[in-house]
Amino acid sequence: MSAPLGGQVAVVTGAASPIGKAIARRLVDDGAKVVLADVDEAALAAFAASLGDDAPWLAGDLSLEPTAVALMDLAKRRFGHLDILVNNAGGGVILPFLKHTPETLRRTLDRNIWTCLWCCRAALPLMIEQNYGRIVSIGADSVRNGLADHAAYNAAKGGVHGLTTGLAREFAGYDITVNTVAPCMVMTPMVAAAMEARNPLIDKFLAVIPKGRPAACDEVASMTAYLASRDAAFVTGQVISVNGGSTML
Ligand SMILES: NC(=O)c1ccc[n+]([C@@H]2O[C@H](COP(=O)([O-])OP(=O)(O)OC[C@H]3O[C@@H](n4cnc5c(N)ncnc54)[C@H](O)[C@@H]3O)[C@@H](O)[C@H]2O)c1
């Protein structure tokens, strides 16, 4: 059987993060070439090297338009086309709303919504030109269940969810699909450390998940890979939770 993403080129942002790495590895396993980006240069370079010689990367702040444009240019120059964009850059500044400062609010929005907006804007012209594209963003199930201390983060990730439906409608005619994967708590090293330290917030986060555990990074990656595939041609404008049941329907 041929690889589901054979011959395709995918940009993965936030590729130095645990979920980003799992997604990039899964796309490579499915046959795609990947182009990686993150603001954390050292971690990104180390991860790219672990994938071999053929994973170009760009370190920079994707909340700034020129970085997003340079990233898509890199994909086009290196491989000639861009089929898949995974907007995974993000990350929470998880605080009670009134404990936020202007700086943490801005950082939350920069990381989660501006990265996604600029990358979509830079990638779409290439996808329109080739009449094909798959955009998958990583949102958050906390937008749907109003998880404790997530208001500002949810404002940013809610923007990602909202962008999904609008772009899906606008670009459906070019065989471009736009979807979001919304995880609940995911078992990253940071979550594992908080569980180990018995951080009381963890119990609150787990209490809303009927399956009683965080998602594995690979469980987020497998949904992302499906939405990035040709098989998902008729799935667009969806926010699909990977959440152990923390919200239903
Ligand atoms: N871990 C969870 O429980 C969880 C739950 C729901 C959603 N998410 C989302 O999943 C994604 C991956 O999260 P994670 O937990 O693996 O690690 P993370 O939150 O550390 O990942 C974010 C990555 O994005 C990069 N990044 C942030 N701002 C950037 C910018 N301006 N330009 C370029 N890169 C930037 C960071 O350096 C980091 O590598 C994030 O979007 C996060 O919000 C995570």
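Residues numbered from 1 in each chain as written. Predicted model: local features only at pLDDT ≥ 70, side-chain atom pairs only at ≥ 80, totals over all residues. Heavy atoms only, no water.

What follows covers the overall build of the protein chain. The helix and strand inventory of the protein chain stands at nine helices and seven strands. Projecting the C-alpha coordinates of the protein chain onto the three principal axes gives extents of approximately 50 × 40 × 35 Å. Put simply, the protein chain has 249 residues, and 49% of those count as buried. Looking at the protein chain alone, contacts between residues at least 24 apart form 69% of all its contacts between residues at least 6 apart. Total accessible area computed for the protein chain in this model is approximately 11,500 Å², and 57% of it derives from carbon and sulfur atoms. Of the charged side chains in the protein chain, 21 are positive and 23 negative; the average position of the first set lies 4 Å away from that of the second. (Helix = DSSP H or I, 4+ residues; strand = E, 2+ residues; numbered from the N terminus. Buried < 20%, exposed > 50% of the residue type's maximum accessible area, 1.4 Å probe, protein only. Contact = heavy atoms within 4.5 Å. Areas by Shrake-Rupley, 256 points an atom, 1.4 Å probe, with all protein chains shown as cover. Lys, Arg positive; Asp, Glu negative; His and termini not counted. Charge placed at Lys NZ, Arg CZ, Asp CG, Glu CD.)

A few words on the packing of helix H3 (residues 65–79) against helix H4 (residues 102–130). Where H3 meets H4, the closest approach of the two axes is 7 Å, and the angle between their N-to-C directions is 35 degrees. Seen along the crossing, H3 lies across H4 with a hand that is right-handed. The segment H3 lies against H4, with Glu65, Ala68, Val69, Met72 and Lys76 engaging Trp118, Cys119, Arg121, Ala122, Ala123, Leu126 and Glu129. Counted by class, the contact of H3 with H4 contains eight nonpolar, no polar and four charged residues. (Axes fitted to C-alpha atoms, helices over the stretch in contact; angles between N-to-C directions. Left-handed = near helix turned anticlockwise from the far one by under 90°. Nonpolar A, V, L, I, M, F, W, Y, C, P; charged D, E, K, R; others polar.)

Taken together, 27 residues form the shell around the ligand, and within it Asp38, Asp61, Asn88, Tyr153 and Val186 come nearest. Within the side chain of serine 17, an N or O atom sits 3.4 Å from an oxygen atom of the ligand. For the shell around the ligand, the secondary structure elements donating two or more residues are helix H1 (18–29), H4 and helix H6 (151–171). With three residues, the top contributor of residues to the shell around the ligand is H4. Residues that form the shell around the ligand fall into these classes: 12 nonpolar, 11 polar and four charged. (Near = heavy atom within 4 Å. Polar contact = N/O pair within 3.5 Å; in protein donor to acceptor, adjacent residues only side chain to side chain.)

A separate point is the sheet that holds strand E3 (residues 57–59). The strand order across the open sheet formed by seven strands is E3-E2-E1-E4-E5-E6-E7, and the pairing between neighbours is parallel. Only two strands of the sheet have a single partner each, and these edge strands are E3 and strand E7 (239–242). The average angle at which neighbouring strand axes cross in this sheet is 15 degrees, direction not considered. The pairing of strand E4 (residues 84–87) with strand E5 (residues 133–138) spans four bridges and is parallel. Bridge pairing in E5 places leucine 85 opposite isoleucine 135. Where H1 meets the sheet, it contacts strand E1 (9–13), strand E2 (33–38), E4 and E5, and its direction lies at approximately 170 degrees from that of E1. (Pairing = 2+ DSSP bridges.)

Packed helices, taken two at a time, are described by the angle their axes make and the gap between the axes. With their axes 8 Å apart at the nearest point, H1 and helix H9 (residues 217–227) run at an angle of 50 degrees to one another. Between H1 and H9, the interaxial angle falls into the category oblique. As H1 runs across H9, the sense of the crossing is right-handed. Between H1 and H9, the contacting residues are Pro18, Ile19, Ala22, Ile23, Arg26 and Leu27 on the first element and Cys217, Asp218, Val220, Ala221, Ser222, Thr224 and Ala225 on the second. (Parallel < 35°, antiparallel > 145°, perpendicular 65-115°, else oblique.)

To continue, consider the side chain of histidine 100. Within the fold, histidine 100 resides in the loop between E4 and H4. Accessibility expressed as a relative area gives 9% for histidine 100, which makes it buried. Looking at histidine 100, its side chain comes within polar contact range of the side chain of threonine 104, at 2.8 Å. Excluding its chain neighbours within four sequence positions, the residues that come into contact with histidine 100 are Val93, Leu95, Leu105, Thr108 and Ala152.

With that out of the way, let us pick up the environment of asparagine 179. By secondary structure assignment, the location of asparagine 179 is in strand E6 (residues 176–183). For asparagine 179, a relative accessible area of 0% gives the class buried. Residues asparagine 179 and alanine 221, spaced 42 residues apart in sequence, show a C-alpha to C-alpha distance of 14 Å. Looking at asparagine 179, its side chain comes within polar contact range of the main-chain nitrogen of glutamine 238, at 2.9 Å.

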